[in-house]
Structure formats: structure tokens, C-alpha cells
Protein chains: 2
Amino acid sequence: MNRIKIAKLLKSETLVKDVLVKGWVRTRRDSKDFSFIEVNDGSCLRNIQVIANNSLSNYQDLIRLSIGSAVSVVGDFIVSKGSGQQWEITAKHIEIISLAHASYPLQKKRHTDEFLRTISHLRPRTNKYGAMFRIRSELSYAIHKFFNEKDFKYIHSPIITGSDCEGAGELFRVTTLPLEKPPLKEKKIDFSQDFFGSEANLTVSGQLSAEMLALALGDVYTFGPTFRAENSHTGRHVAEFWMVEPEMAFCDLEGNMDLAEEIIKYIISYAIDQCGEDLELFAKFVDKGLMSTLDGVASSDFVRLPYTDAVELLKNSGKKFEYDVGFGKDLQVEHERYLTEHHFKKPVIIYNYPKTIKPFYMRLNSDNKTVAAMDVLVPKVGELIGGSQREERYDILESRMDEMKMPKEAYWWYLDSRRYGTVEHSGFGLGFDRFIMFVTGVKNIRDVIPFPRTPNKIEF
Amino acid sequence: MNRIKIAKLLKSETLVKDVLVKGWVRTRRDSKDFSFIEVNDGSCLRNIQVIANNSLSNYQDLIRLSIGSAVSVVGDFIVSKGSGQQWEITAKHIEIISLAHASYPLQKKRHTDEFLRTISHLRPRTNKYGAMFRIRSELSYAIHKFFNEKDFKYIHSPIITGSDCEGAGELFRVTTLPLEKPPLKEKKIDFSQDFFGSEANLTVSGQLSAEMLALALGDVYTFGPTFRAENSHTGRHVAEFWMVEPEMAFCDLEGNMDLAEEIIKYIISYAIDQCGEDLELFAKFVDKGLMSTLDGVASSDFVRLPYTDAVELLKNSGKKFEYDVGFGKDLQVEHERYLTEHHFKKPVIIYNYPKTIKPFYMRLNSDNKTVAAMDVLVPKVGELIGGSQREERYDILESRMDEMKMPKEAYWWYLDSRRYGTVEHSGFGLGFDRFIMFVTGVKNIRDVIPFPRTPNKIEF
């Protein structure tokens, strides 16, 4: 007899004789002649109710089943006589696979998110985190499906790199040198003896690699882990997070904005279509306004607003902000939220930022002051996507690198791509974990990642 | 006018007026009245031949187009009058987007793989590496599709970890401590001052995390980068590689073998169906026997052979091996190749290995000598998959950890999963890069990864 997953069984909507279900006990209550056992196998949010009649040979053991125990059930899948569920299984045989120790922390009561983070290895067994990680899985798949349908090629950009894409510092070093006694040369660390023969870090972005592939294959994307050694303790920052980075040859900033808008709508629609039951949990317990936020974003045309206009708009808003607004200053979360939540009440793409606040690789506009950058802002979360058209002109790229005192020698290969058949190209980065926060309404990024990495936290 | 990709255009198989194509010049030859320009845009292996008539206003510039230059072509897509291609474009207008500098290394001649590795940023522009990275992309998608169809959940296991899954050492350290002057405490490095407050490494496997999720969600898999700081200079080893690791609750070793066989066949069939043109290149230039090897694996029932029988078979083979065979010794590549290529002439799954040569988490068999491990061996490449049923019995797991002198405290969470609702479960690891080697016949793992990471190599 083959085991059937509960998700599939509940979809059958018809009586099935002799099914085999395996899972974990979520609750149990006993009446005079029966024990009602709620079993969950992780395939979906819903449990299946199993009716254990006291005629079962091991009934005395069954009424001692603790929460979290594992069982194997054979019985008939029938229309439930009780209320609260449409279907149930009347058991012919229940095997106790294992009893959970009484110290099992997930007893039937509400737990705080803070507590559940301390048992990250067990929290996927709760309704909320089971739903979370199923949604995360579905939306990862949606990302790949979206790009596959558009003939983008998926590339694996290197995780260990010698370059610092953003020039932002805050890198994790990767080394095999003995820290107690590293080799020295002229009183400095001798990295020629390190594994890679020079300094190595964890990547902050796959963009530069993706550009090389886009200039060969056309449209490409990465979807992989990136790292930032930022000592931040906010609910929006982790040291390790997954980024989606498309890069397109023969594409300008407008095409880039089109793709950004399209992917956001696609993923949200996919979530609504494919994760209905799990999403409902978040709409019910986490953010009552969730579905209307999601529907709003999926159905609205995103506003496209030059940075300079955004600054004017904020200045003239009459609203007092904590941080000043002015050309050359980066927009803060309060400004972003004002624009998307109060003023436009929908997603806003800000573009053409001052060159002074953006990295070297963004394309210089003809005003010589701004670059063809764009940020996509959405209600509640703020920035979901940041991207740009890339500087494809060799001379300008080189002088931007000089201005910013970058070590050009290390980027010889990047400059090569502008020497040989350079074309306009664009791309962006979508923070996948923040996207999941947006889709679920969850406020802390630690709660959308199975085992989050933050300062002083490396357990599990 | 919207640009059309060459892959799509060549599929149209019908005359199309006024198409817009953008790409890079692969070759150019001039006759009296025409210039024939082969343009490739990376969307497929094939170029489109563009006929530039000398009546074009910029014809004098066009006949100076260097290899690697970028062009934008408007013209009609028509049946070719020449031989060598079915379709071509008669250009009405050709814009030169950029000229490639004459030093462009990819002139029309064969280059060695060794040379091309030194220009990893440009090699995707060659036929071979373009095909390679398109195949890599398609098969990545096939992995996700396979698991999605089987209702497995995709999980992102942590890349930075405090634990060493295999207990094998050879880890990359991740740190933000200043190497020149790391903080000390009692003459030892004070890791409490490091970013994570303790020692941190790059993961060698997502398995332990995947187990936690499987014991909540049922069937899960990872597909992400893993790392090994092995000072190997073979064609089979890199420091950074991508692994696929499924993990299934309520699954024993047999179910594990079933899944391993199924995924290998699925991916190979997908490659044959979806990557025909690109695969042909490898069958023509890299390995003449490629298609028959692939067809053979996709259509054969894998042999399933206990390790003990494999040892007997090898001992009685009459063949002289460099390395001795005997119970308790690991099989070497020469033994694996003998079994798959000479004896059985098809894939072989060896199972039930001696516990002494396998990690702590593998399930102890009732003979007390072997564990429920399995390795899948295929012709030419050897081991593609390694996996096991996991030890789900708390007491036995604990005593195995004691035997191997493991720091149990660090694994409290892993042990927890055997304390609360433990069930039989199994999983394996499939080295994705080696799989690509197998599918393309390419012998060096450096040539299946865009920017490979090996000892003393971190460029790009």
C-alpha cells in the first residue's frame, strides 16, 4: 500500500477506501468511545482528522499519544460526521511510529515569534512556519518559471570572489590561513599563502558576473545567496540572504523598469493562485490588509517618477520628516513610505538618481549629474528592487572608476566587456527574503528564512 | 519595432518581413556586391546569416566590421539562396552598435580549453561555452521542475554554518576579525568577538538543515552552493560547487534509491528533449559516444548491488587494480569504472557500506557492521550521487556520535529531531557540476562552471 500525502488526499473530494497516511500528531481529544487525532504531514496547512475507535487493539496506547508523535494510519477516507472538517479517516489500523518526549516545546498554545526563533529546527512544524516555508518554496519556483518562460538563462555566479561589486565594504573574509599564526611578509598578512593565493570574500552581488554572461547569452539571471557583514540589528537585515538578479543585453532603463514591474506582478499573482490556503493564514493572523495590498500591487500600473521630481514632491508635501530631503541625499524609509503609502497609494519606481550616491557601474545620464538607476518601492516594505542601466561606454566607465579611486587592474575583465562588442544592458537585484516579507506581511526578516544568520547568531 | 531573439526567429520556419535582430558578429566574408555577416545573440547555438547589399548607405563601414562587434539589423527573414543555412536576413538597415577592438581574443580559430579558462569572462561567447551554459541553465530548471511535480519543497539551507556536516574538515573559515591583529583570550583567538560570536565556516552540505525541514514538511530539497577547501588539482575538484540534496520523511533506503534513479533518468531525458542542438555540439566535438551513453543510462534499470557483493565481484574479477579491494576499504574510481563500464555496462547503485568509512548520521544496519548508505555510479564519471537512510533512533545516533568523538552539545538541535516524533527518513546529494560533466562529456569540471574556484584561482 502506498502512502498518500494529506494535501493530495484532501483534494480528492471523494470517498477513498484503504488509504495509508503518515504524519505527526497535532492534537488529540478523547470521547467515550473514540479518540480524535489530528494528523499533519507538512504537505499542506490542513490536518486530517483520524477517528480511532476503542475497538482498535492498541487503543490504550493511542489515548496516550503525545503531541508531536509520529503515526502511520490505515483507514477509509470518508465524509466527516463532525463539524469543523469536511473529510476524515476512520482508522482500521494505527501504528505508533514514535512517541514525542513530553518536553516537546510545541504544545498546543500560541508561541511568540521570538521564542520560536530559539527553536528554528522545530518551528517549521507549526502552522505559521510550515505555511511560510511552503510559500517560500512556491515563490522560488515561480521565479524560475517566470524567467524560463521568457528564455532567460539561469547562471551560477561565484559565491567566493576577489572583487567587491558595490564597493561598499562590509565583506566577510573567506580564508584557510591559521588565525593564531598567519604567515607574514614584510609584517603584513601573506595572502599568497591563502587558499586562493590572494584575498577572498563572500559575494555581495552576482551582477558583474551576470553582465559577462548577458553579453554572451543575451538575457540571464542569478538566484543565489549573497552576504553583507553589516552589524545591523533591525528586522530588515540579515548577513546571508537570497537575491534574484536578472541582466539583459540590448535593454535600457525603460525595459528594465518593465521587467521589474512584470516580475513583481507575476510572483504576487502566482502566490495568490498557488498558495491560497497558506496565504490566508497570514491574512488572518499577521496582516488583515494583506490580500488587498497584494491585489492592489498586482493590478496597478506602477508610478514612474524621476528622483528630482520625487525630491520636489517630498519637499512640497508639507509633511515633517526626520531626515532632510534634497538633491544628492538618499531617500529614507520614511520618504519611500510616504510616496507609496500616502501619496500615490501604489508602487512607485524612482529613477535617475544623483551619481554621487550610486555605484560606479551605473550609466551616466546626459545631464552629467544623474545616473540611469531605479528603485522599486512598494507599500509597507519600501524598496523591493534596485537596478540600473549599466555604463557600457569604456571611457566614461573608466573615468568613473578613476573618480571613485577604484583599483582598475582588478577589473580588467569587466572593462574588457566594454572593449569588445559593448552594448547597452541593464539589470536589477530583487531581495528574495524581503519579497517574502511583502507577500506574507511578516515584519521580521528572521521569520522568513529557515535558519537566519545575524550578528552573534550562527546556531543550527 | 520589437527585437526578436534568433532562437525564436529560426523556429518560425516562415517568411517574416521587417524583423529586428541584435547580436554580435561571429564571422564576416565579402563578395563583390555583398557582405555576409554571421550574427549570434546567445539565445541559441546557431547564427543568423545577414546579407548586406553594397547599396546600404554605410556599406563601407560594414565591410570593416570586426569579429565580436555588436550590430542591430532590420531586414526580411527569408529562405536562404545559399547553402549552409535554411534561412537568412536580407538587411535593409544595419546599425553598428560598437566595434570590437582588434585585440579581441576570440578570432575565428580553435582555442584550447586551457586558454579559454584564462578568459572566463569571454568564453561564453564561443559556441562550446555558450552551449555549455545554456545546458547548465536548462538542467537547473529541470531539477526544480522534477521536484515541483513531485511536491517537494525547495529550501534554502544556510551557507554560513557553525557545524561541519561530514566531519571531514577541509572547511573555509568565514570571519570579520582583523587577521593582522585578531583579538585574543588566554592566548587563543577570541571568536566571541567575531561577527557570529563563534567560529563560522562555509557549508559542505545542507543535509542536516534539510533533515529538520523534511521532518516538518515531508519531502524537501536544497539546490545551492557548497564548499570544500581541498587542495586538489584534479579535473574533478573545485572549491565551490552546486549540490542538489533531497530529503524525504517516511522514506527508507529503497525509496531513496528509487528517487536517485528517477531523477538521473529525468534530467537526462530532459537534456535530450530540450537541449538537442547544444548537446549535438558535444556529441560531435567532445565525446563521439555521448548520445549512446546518455540513451543507455536513461533506458536501463540500474543495478543494485550490496557493497559486500561488489567487493567479492571485484576480487574475483581477475583484474589487477592499483588499489586493493576488501571489506572496510572505500571503492576507488578504478573499481567504480570497472563495475559500470566493464562488468555491468550500465549504472550501478552500491549500498550497505561498512560503517567505518561513512559519516555518523547514516542508519546502522542490523548486522552492526554496515550502514544504509548508497552511491550511484555511472559510466565515465563514476559517483554521481551519494546518500543514505538516516539514523532516526536516538540512542544509536548518540552512541555513534560518541564513538566518533563528536561534540554532541553542538548538535543538540539535530538530536532533538530524534527526540520528538522521529521517523525513518532518507536523502542524498547529487553533485550538479559533475552531472553536467556527465551530460556533456566534458572531462574538466573547470569547464562546466562559469567562473570556477580552485586553489590559487579567484580571478573574475
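About the cut-offs
Residues numbered from 1 in each chain as written. Chains lettered and ligands numbered in written order. Predicted model: local features only at pLDDT ≥ 70, side-chain atom pairs only at ≥ 80, totals over all residues. Heavy atoms only, no water. Helix = DSSP H or I, 4+ residues; strand = E, 2+ residues; numbered from the N terminus. Contact = heavy atoms within 4.5 Å. Areas by Shrake-Rupley, 256 points an atom, 1.4 Å probe, with all protein chains shown as cover. Lys, Arg positive; Asp, Glu negative; His and termini not counted. Charge placed at Lys NZ, Arg CZ, Asp CG, Glu CD. Pairing = 2+ DSSP bridges. Axes fitted to C-alpha atoms, helices over the stretch in contact; angles between N-to-C directions. Buried area = accessible area lost by both parts, 1.4 Å probe. Salt bridge = Lys/Arg side-chain N within 4 Å of Asp/Glu carboxyl O. Least-squares fit on C-alpha atoms with pLDDT ≥ 70 in both. Polar contact = N/O pair within 3.5 Å; in protein donor to acceptor, adjacent residues only side chain to side chain. pLDDT = per-residue confidence, 0-100. Phe/Tyr/Trp six-rings, centres within 6.5 Å; stacked < 30°, edge-to-face > 60°. Buried < 20%, exposed > 50% of the residue type's maximum accessible area, 1.4 Å probe, protein only. Lys NZ or Arg CZ within 6 Å of the ring centre and 35° of its normal. Parallel < 35°, antiparallel > 145°, perpendicular 65-115°, else oblique.

Asks: Residues and numbers for the overall build of chain A, please.
Replies: What chain A contains, in helices and strands, is 13 helices and 18 strands. Along the three orthogonal principal directions, the C-alpha set of chain A runs to about 85 × 60 × 45 Å. Long-range pairs, those at least 24 residues apart, make up 67% of the contacts in chain A between residues at least 6 apart in sequence. Summed over all atoms, the accessible surface of chain A reaches about 18400 Å², with 49% contributed by carbon and sulfur. If the 61 positive side-chain charges of chain A are averaged to one point and the 64 negative ones to another, these points end up 6 Å apart.

Asks: Can you tell me about the sheet that holds strand β6 (residues 153-154) of chain B, naming the residues and giving the values?
Replies: All names here are of chain B. Taken together, 8 strands build an open sheet; the order of strands is β6-β12-β13-β18-β17-β16-β15-β14 and the sheet is mixed. What marks the edges here is a single partner per strand, and that holds for β6 and β14 (303-306). Pairing of β14 with strand β15 (residues 348-354), which is carried by 4 bridges, proceeds in the parallel orientation. From the neighbouring strand, Arg-304 faces β15, where its bridge partner is Ile-349. Running over the sheet, helix α5 (residues 207-217) touches β6, β12 (219-227), β13 (240-249) and β18 (425-431) and is turned about 30° from β13. The strands touched by helix α9 (residues 307-315) are β14 and β15; relative to β14, the strand with the most contacts, the crossing angle is about 90°.

Asks: How would you explain the sheet that holds strand β6 (residues 153-154) of chain A if you had to name every residue and give the values?
Replies: Residues and elements named next belong to chain A. Taking strand neighbours across the sheet as the criterion, the 8 strands line up as β6-β12-β13-β18-β17-β16-β15-β14 in an open arrangement whose pairing is mixed. One side of each edge strand has no neighbouring strand; the edge strands of this open sheet are β6 and β14 (303-306). In terms of strand pairing, β6 meets strand β12 (residues 219-227) through 2 bridges, oriented parallel. Bridge assignment links Lys-153 to a residue of β12, and that residue is Val-220. Of the strands in this sheet, β12, β13 (240-249), β16 (370-378), β17 (382-389) and β18 (425-431) are in contact with helix α13 (residues 432-440), which crosses β18 at around 60°.

Asks: Kindly report on the interface of chain A and chain B, identifying the contributing residues and their values.
Replies: Taken residue by residue, the interface counts 109 residues in chain A and 109 residues in chain B. Both sides together, the interface formed by chain A and chain B hides about 9100 Å², and carbon and sulfur atoms give 65% of it. Taken as a group, His156(A), Phe250(A) and Tyr420(A) account for 9% of the area that chain A buries against chain B, more than any other trio of residues on that side. Linking chain A with chain B are 2 salt bridges, by the criterion used here. The residue Asp219(A) makes a salt bridge to Lys5(B) at a minimum N-O spacing of 2.5 Å.

Asks: Requested: an account of the relation of the copies chain A and chain B, with residues and values cited.
Replies: At an RMSD of 0.0 Å, chain A and chain B line up after a rotation of 180° and a shift of 0.0 Å along the axis. A rotation of that kind, with that shift, is consistent with a two-fold axis. Residues of chain A ranked by C-alpha distance from the rotation axis are headed by Val174(A), positioned 2.5 Å from it.

Asks: Can you tell me about the side chain of Arg136(A), naming the residues and giving the values?
Replies: Its location among the elements puts Arg136(A) in helix α4 (residues 127-149). At 2.9 Å, the side chain of Arg136(A) forms a polar contact with the backbone oxygen of Val448(A). Residue contacts for Arg136(A): discarding those within four places in its chain leaves Trp242(A), Phe432(A), Asp433(A), Ile436(A), Val448(A), Ile449(A), Pro450(A) and His156(B).

Asks: Can you explain the confidence of the model for chain A? Please cite residues and give values.
Replies: Looking at chain A, pLDDT values average 95 and 99% of them are 70 or higher. The complex model carries a pTM of 0.97, and its ipTM stands at 0.97.

Asks: Describe the packing of aromatic side chains, with residues and values.
Replies: Tallying each qualifying case throughout the model produces 54 aromatic pairs over all chains. Each ring, one from Tyr129(A) and one from Phe133(A), has its centre 6.3 Å from the other, and the planes form 40°; the classification is tilted. Of the two residues, Tyr129(A) and Phe133(A) both sit in helix α4, 4 residues apart, roughly one turn of that helix. For the pair formed by Tyr129(A) and Phe133(A), the shared burial category is buried. Considering the side-chain rings of Tyr266(B) and Tyr270(B), the 6.4 Å spacing of their centres and the 20° angle between planes classify their relative orientation as stacked. Taken together, the positions of Tyr266(B) and Tyr270(B), both in helix α6 (residues 253-274) and 4 residues apart, correspond to about one turn of that helix. The class of Tyr266(B) is partly exposed, set by a relative accessible area of 22%. Taken together through their ring pairs, the aromatic side chains of Phe360(A), Tyr361(A), Tyr411(A), Trp412(A), Trp413(A), Tyr414(A), Phe451(B) and Phe460(B) make up a single cluster. In this structure, Arg418(A) packs its charged tip against the face of Tyr414(A), placed 4.3 Å from the ring centre. The ring of Phe36(B) carries Arg29(B) above its face, with NZ or CZ at 4.3 Å from the centroid.

Asks: Summarise the pattern of salt bridges; cite the residues concerned and give the values.
Replies: Residues and elements named next belong to chain A. In this structure the tally under the stated criterion is 64 salt bridges over all chains. When the shortest N-O distance is used, the salt bridge between Arg-64 and Asp-61 registers 3.9 Å. Asp-61 gets classed as partly exposed once you look at its relative accessible area, which sits at 42%. The shortest N-O distance in the salt bridge between Asp-447 and Arg-123 comes to 3.2 Å. Of the two residues, Asp-447 sits in the segment after α13 while Arg-123 sits in the loop between α3 (113-118) and α4, which places them 324 residues apart along the sequence. When sorted by exposure, Asp-447 lands in the same class as Arg-123, which is buried. Connected through shared salt-bridge partners, Asp-258, Glu-261, Lys-265, Asp-301 and Arg-304 make up one network.

Asks: So what about the packing of helix α8 (residues 290-299) of chain A against α13(A)? Which residues, and what values?
Replies: Residues and elements named next belong to chain A. The contact between α8 and α13 brings their axes to 8 Å, and the two run at 120°. Our classification of the angle between α8 and α13 gives oblique. Of the residues in α13, those touching α8 at Leu-290, Thr-293, Leu-294 and Val-297 are Phe-438, Val-439 and Thr-440.

Asks: Outline unusual backbone geometry, listing residues and values.
Replies: Residue and element names in this part refer to chain A. Not every positive phi belongs to a glycine, and Lys-345 is a case in point at roughly 55°. Relative to the assigned elements, Lys-345 resides in the loop between α10 (333-343) and β15 (348-354). Lys-345 sits in the exposed class, given a relative accessible area of 63%.

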